[in-house]
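# An overview of the molecular structure
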Amino acid sequence: MEDNYRHKGLRKKLVNEIRKKGILDEQILNAFMAIPRHLFLDSGFLEFAYEDKPFPIGSGQTISQPYTVAFQTQLLDIRPGSKILEIGTGSGYQACILAELGADVYTIERQKKLFEKTKKFLSRFPYDLHLFQGDGFKGVPQHAPYDGIIITAAAPEIPQDLVDQLQIGGVLVIPLGEGSVQTMLRIVKQEDGSLQRQQFGGFRFVPMLRDSGND
Ligand code: SAH
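Let me sum up the structure you'll find in this document.

The rules we used
Each chain carries its own residue numbering, running from 1 in the direction its sequence is written. Reporting of local features is limited, given that this is a predicted model, to residues whose pLDDT is at least 70; pairs of side-chain atoms are given and counted only at 80 or more, and all residues count toward the totals for whole chains, interfaces and linings. Hydrogens and waters are ignored; side-chain quantities use all the structure's heavy atoms. Every helix listed is a DSSP run of H or I at least four residues long, and every strand listed is a run of E at least two residues long, numbered separately from the N terminus. Working definition: with a 1.4 Å probe on protein chains only, accessible area under 20% of the residue-type maximum means buried, over 50% means exposed, and in between means partly exposed. Two residues qualify as a contact provided that any one of their heavy atoms is within 4.5 Å of a heavy atom in the partner residue. One less than the residue count of a helix, multiplied by 1.5 Å, gives the span that helix is expected to have. This arc is built from the directions going out from the helix axis to the C-beta atoms. Think of a polar contact as two N or O atoms within 3.5 Å of one another; within protein, one of them needs to be a possible hydrogen donor and the other a possible acceptor, and neighboring residues in sequence only count if both atoms come from side chains.

## Here we look at the overall build of the protein
Tallying secondary structure elements over the protein gives seven helices and nine strands in all. Viewed in the frame of its principal axes, the protein has a C-alpha envelope of about 50 × 40 × 35 Å. Each of the 215 residues in the protein was classed as buried or not, and the buried ones make up 50%. Counting only contacts in the protein whose residues sit at least 6 apart along the sequence, the fraction spanning at least 24 positions is 53%.

## Digging into unusual backbone geometry
The amide bond that connects Ala144 to the next residue, Pro145, takes the cis arrangement and shows omega of 5°. If you trace the backbone, Pro145 turns up in the loop between strand 5 (130-133) and strand 6 (146-151). Its identity as a non-glycine residue notwithstanding, Asp77 has a phi of 55°, on the positive side. Looking at the element boundaries, Asp77 is found in the loop between helix 4 (66-76) and strand 3 (83-87). Exposure remark for Asp77: the relative accessible area of 42% places this residue in the partly exposed category.

## Thoughts on helix 1 (residues 5-20)
Between the first and last C-alpha of helix 1 there are 23 Å, a value that for 16 residues agrees with the 22 Å anticipated at 1.5 Å per step. Listed in full, the buried residues belonging to helix 1 are His7, Arg11, Leu14, Val15 and Ile18. Projected down its long axis, helix 1 shows its buried positions confined to an angular sector of 105°, all on one face. Turned more than 90 degrees away from the buried face of helix 1 sit Tyr5, Arg6, Lys12, Lys13 and Lys20, all of them exposed. Where helix 1 is buried, its residues touch helix 2 (26-34), helix 3 (46-49) and helix 4. The backbone nitrogen of Arg6 has a side-chain oxygen 3.0 Å away, supplied by the residue at the start of helix 1, namely Asn4. Residue Gly22 follows helix 1 closely and has a positive phi angle near 115°.

If you want it as structure tokens, here you go:
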């Protein structure tokens, strides 16, 4: 599928909408302008691609709502070259936003089928993304430490393995909670290993799961 002037116009409207909702970082808004979100949805769903809503991407999973992607990205404080680990690759959209901001992106997806589909799809983008299939609760220790870790599924707890893989001063962005609404937390790892937490509003995510990923 192509990316034409009509798509760009729809994207501009979406960017204005998330700006109105409080995302003011121009670099993040530019990244949203740069990434054609309609390509991440199955064709035929163009009309939904530029609404500020989550959308099913197959295998029972969703591409997060654009505002949520922007909000979590803002909490990460990305600088060019920041080494970021994403838990829950899903469609790959969030990973591309991070890469467009200049981050060095590591991302892990639990579901094998979705992982394979997304891996193939992402090869059309110019980003050098590091993709892994496996259990995000365990992180990707072989490439640690990370400047930031972003969890894009509802986490039942703060995974200790992920805290261990964070740099001192590094940021963990985590939607925490098992109910239908999660609390967004921004956690900074201190020099003495303790965690400084800041709490944000409620968001809805699909659950972070522990089993094998063959579903
Ligand atoms: N970041 C994604 C949105 C993902 S939805 C995007 O931009 O499209 C959450 C994703 O987390 C789903 O794809 C789900 O399969 C994945 N997931 C759930 N539990 C996981 C785990 N333990 N490890 C890695 N990925 C997990």
